[in-house]
Amino acid sequence: MAGEVVLLDFWSSMFAMRVRLALAEKGIKYESKEQDLSNKSPLLLEMNPINKQVPVLIHNGKPVCESLIIVQYIDEVWNDKSPLLPSDPYQRAQARFWADFVDKKVSVAAKNVWSTKGEEQEAGKKEFLETLKIMEGELGDKPYFGGETFGYVDLSLITFYSWFHAYEVLGNINIEAECPKIIAWAKRCMQKEAVAKTLPDQKKVYEFVVQLRKMFVSE
Amino acid sequence: MANEVVLLDFWPSMFGMRVRIALAEKGIKYEYKEEDLKNKSPLLLEMNPINKKIPVLIHNGKPVCESLIIVQYIDEVWNDKSPLLPSEPYQRAQARFWADFVDKKVYGASRKVWSTTGEEEEAGKKEFFEILKTLEVELGDKPYFGGETFGYVDLSFITFYSWFHAYEVLGNINIEAECPKIIAWAKRCLQKESVAKTLPDQKKVYEFVAQMRKRFVSE
């Protein structure tokens, strides 16, 4: 179970954050190697030749790619503490469904909020808030998506919270006004040490996204 | 494990076919309900309110959505025979990666082959072959992606084989000439009863796709 664990990482990536969070939850010691995504390292290209993206977990020299696949791998290998996925197969299928929803819907809409303008941005904003409202519906009155404890779906979504300030300023939206339950849930998650220590400062992320936006939008 | 299993499906869907193969591999009795996707049933809308898509597996009245999530659920619940995913966590992570690759890459590229024309179609065809060649490398000299036996990655990809004739005619391509190993692998899979009985006739699929193409392309 122990062994050498290396994470090919990027500080502001909400996908890499998911892996850092899972590693923190499990108390796994690892080496984080910050990648320069505009000048990809030979190691990254060797370990993820197909997608050439972070995060990549390298466990005893063998790579695992795609954040949710990595998180499931971590949960299965380090299965002695802090289970992330439910133990019941039906609950597990539901958890996988909602994490997949975050990837396919929330993430895509969120990107349109900061990387577009005009009508395209308006449509992106509308869709982003709709997807968050759907997540609110799924959360219901539970403290976490996982029920009483923080779990796989919480982990898959909370990392986007570090980008909320950027979405709000660049998209001119008020997420708390539209989706108060999501903000309440996020703040609850932030009380967990692993989450608070993993998520980068929202202002730092905002400054990063402002720069990134210039590559997509001429203003 | 006495059960009621219902599958909401659509006969040419390569995603629905994945679930049918998994159910066949496990020898599970189920009720098949064909959906009219232009006139979705109240049952479908109730069981998959988020995406409103097939396939949906309804097990003892409770829905599971998204084909690969359904297949994993089936593998975990009916775990007494014909394992689909590897038992070892690292191999399992690799299997998930490649099934995810099929989902993200094969469908999108193949869609361009049959639903576009001109330059867009040419680009789609080129991309489609690149993706198939990547899969050929991953297959290597193994009889199946799963190794010695048919497994999760084989299941996730073989269902596209039923659309190959449609791609070839509508895209004017020769898949066997470009990717002989994929065709050899597919024919090997077709020797399995669960696959042969599940995949619809390629000519029937071609007629269906030719009709669909008319909605996208004026020729």
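Note that the structure is predicted; figures quoted are calculated from it, not measured.

Asks: Hey, could you go over the overall build of chain A for me, with residue numbers and the actual values?
Replies: In terms of helices and strands, chain A carries 11 helices and four strands. In terms of overall dimensions, chain A is globule-like: its C-alpha atoms have a radius of gyration of 17 Å, near the 17 Å expected for 219 residues. Counting only C-alpha atoms, chain A reaches 50 × 45 × 25 Å along its principal axes. In chain A, of all internal contacts separated by at least 6 residues, the share reaching a separation of at least 24 is 70%. Only carbon and sulfur atoms are counted for the fraction: they give 50% of the accessible area of chain A, which is about 9,900 Å². Averaging the locations of the 28 positively and 31 negatively charged side chains of chain A gives two centres separated by 1 Å.

Asks: Can you break down the interface of chain A and chain B residue by residue, with the values?
Replies: The interface of chain A with chain B comprises 25 residues on the first partner and 25 residues on the second. Summing both sides of the interface, chain A and chain B together bury roughly 2,200 Å²; the carbon and sulfur share of this comes to 64%. When residues of chain A are sorted by the area they lose upon contact with chain B, A:Ile50, A:Tyr90 and A:Phe97 head the list and together hold 27% of the total. Inspection of the region where chain A meets chain B yields six salt bridges. The salt bridge involving B:Glu66 is made with A:Lys104; its shortest N-O contact spans 3.1 Å. For the side of chain A that touches chain B, the secondary-structure elements that each account for two or more residues are β4 (62-65), α3 (67-77) and α4 (89-115) of chain A.

Asks: Any details on helix α9 (residues 180-190) of chain B? Residues and values, ideally.
Replies: All names here are of chain B. Among all positions of α9, only Ile182, Ile183, Trp185, Ala186 and Cys189 are buried. Each buried residue of α9 sits inside an arc of 160° when the element is viewed along its axis, so together they form one side. Along its buried surface, α9 packs onto α5 (118-139), α6 (152-158), α7 (164-171), α8 (175-178) and α10 (193-198).

Asks: Explain the sheet that holds strand β3 (residues 56-59) of chain B to me, and be specific about the residues and the numbers.
Replies: Residues and elements named next belong to chain B. One open sheet holds the four strands; their spatial order is β2-β1-β3-β4, and the pairing between them is mixed. Looking at strand neighbours, the two that pair on one side only are β2 (31-34) and β4 (62-65), the edges of this open sheet. Here the average twist between neighbouring strands, direction ignored, is 20°. Alignment of strand β1 (residues 5-9) against β3, held across four bridges, turns out to be antiparallel. If you follow Leu7 over to β3, its bridge partner there is Leu57. Contacts between helix α1 (residues 14-26) and the sheet are confined to β1, β2 and β3, with β1 contributing the most and set at about 155° to the helix.

Asks: Report on the UniProt feature "domain: GST N-terminal" (unreviewed entry) in chain B, specifying residues and quantitative values.
Replies: Following the UniProt record, one finds the feature "domain: GST N-terminal" (unreviewed entry) at residues 3-82 of chain B. Measuring from the first to the last C-alpha atom of residues 3-82 of chain B gives 19 Å, for a span that is 38% helix and 21% strand.

Asks: How would you explain the UniProt feature "domain: GST C-terminal" (unreviewed entry) in chain B if you had to name every residue and give the values?
Replies: UniProt marks residues 88-216 of chain B with the feature "domain: GST C-terminal" (unreviewed entry), using the numbering shown here. The distance separating the terminal C-alpha atoms of residues 88-216 of chain B is 44 Å; by composition the span is 78% helix and 0% strand.

Asks: Residues and numbers for the environment of B:Lys204, please.
Replies: Residues and elements named next belong to chain B. Within the secondary structure, Lys204 is located in helix α11 (residues 202-216). On the accessibility criterion, Lys204 (47% relative accessible area) is partly exposed. Between the C-alpha atom of Lys204 and that of Lys52, which follows or precedes it by 152 residues, the distance is 25 Å.

Asks: Give a description of a positive patch on the surface that names residues and reports values.
Replies: Where like charges cluster on the molecular surface, the positive patch consists of A:Lys105, B:Lys40, B:Lys52 and B:Lys53. Looking at the element boundaries, A:Lys105 is found in helix α4. Its relative accessible area of 32% is what places A:Lys105 among the partly exposed residues.

Asks: Residue-level account of the pattern of salt bridges, with values.
Replies: What the rule picks out here adds up to 31 salt bridges over all chains. Among the salt bridges present, the one from A:Lys126 reaches A:Glu130, with a minimum N-O distance of 3.4 Å. With A:Lys126 and A:Glu130 both in helix α5 (residues 118-139) and four residues apart, this pair spans about one turn of that helix. Residue B:Lys26 pairs with B:Asp75 through a salt bridge whose shortest N-O separation is 2.8 Å. Residue B:Lys26 is located in helix α1, and its partner B:Asp75 is located in helix α3 (residues 67-77); the two are separated by 49 residues in the primary sequence. We note that B:Lys26, like B:Asp75, is buried.

Cut-offs applied
Residues numbered from 1 in each chain as written. Chains lettered and ligands numbered in written order. Predicted model: local features only at pLDDT ≥ 70, side-chain atom pairs only at ≥ 80, totals over all residues. Heavy atoms only, no water. Helix = DSSP H or I, 4+ residues; strand = E, 2+ residues; numbered from the N terminus. Rg over C-alpha atoms; globule rule 2.2 N^0.38 Å. Contact = heavy atoms within 4.5 Å. Areas by Shrake-Rupley, 256 points an atom, 1.4 Å probe, with all protein chains shown as cover. Lys, Arg positive; Asp, Glu negative; His and termini not counted. Charge placed at Lys NZ, Arg CZ, Asp CG, Glu CD. Buried area = accessible area lost by both parts, 1.4 Å probe. Salt bridge = Lys/Arg side-chain N within 4 Å of Asp/Glu carboxyl O. Buried < 20%, exposed > 50% of the residue type's maximum accessible area, 1.4 Å probe, protein only. Arc of directions from axis to C-beta. Pairing = 2+ DSSP bridges. Axes fitted to C-alpha atoms, helices over the stretch in contact; angles between N-to-C directions. UniProt positions renumbered as here; feature names shortened; annotations may be inferred. Patch = residues over 30% accessible without salt bridge, like charges linked within 9 Å, V, L, I, M, F, W, Y side chains within 5 Å.

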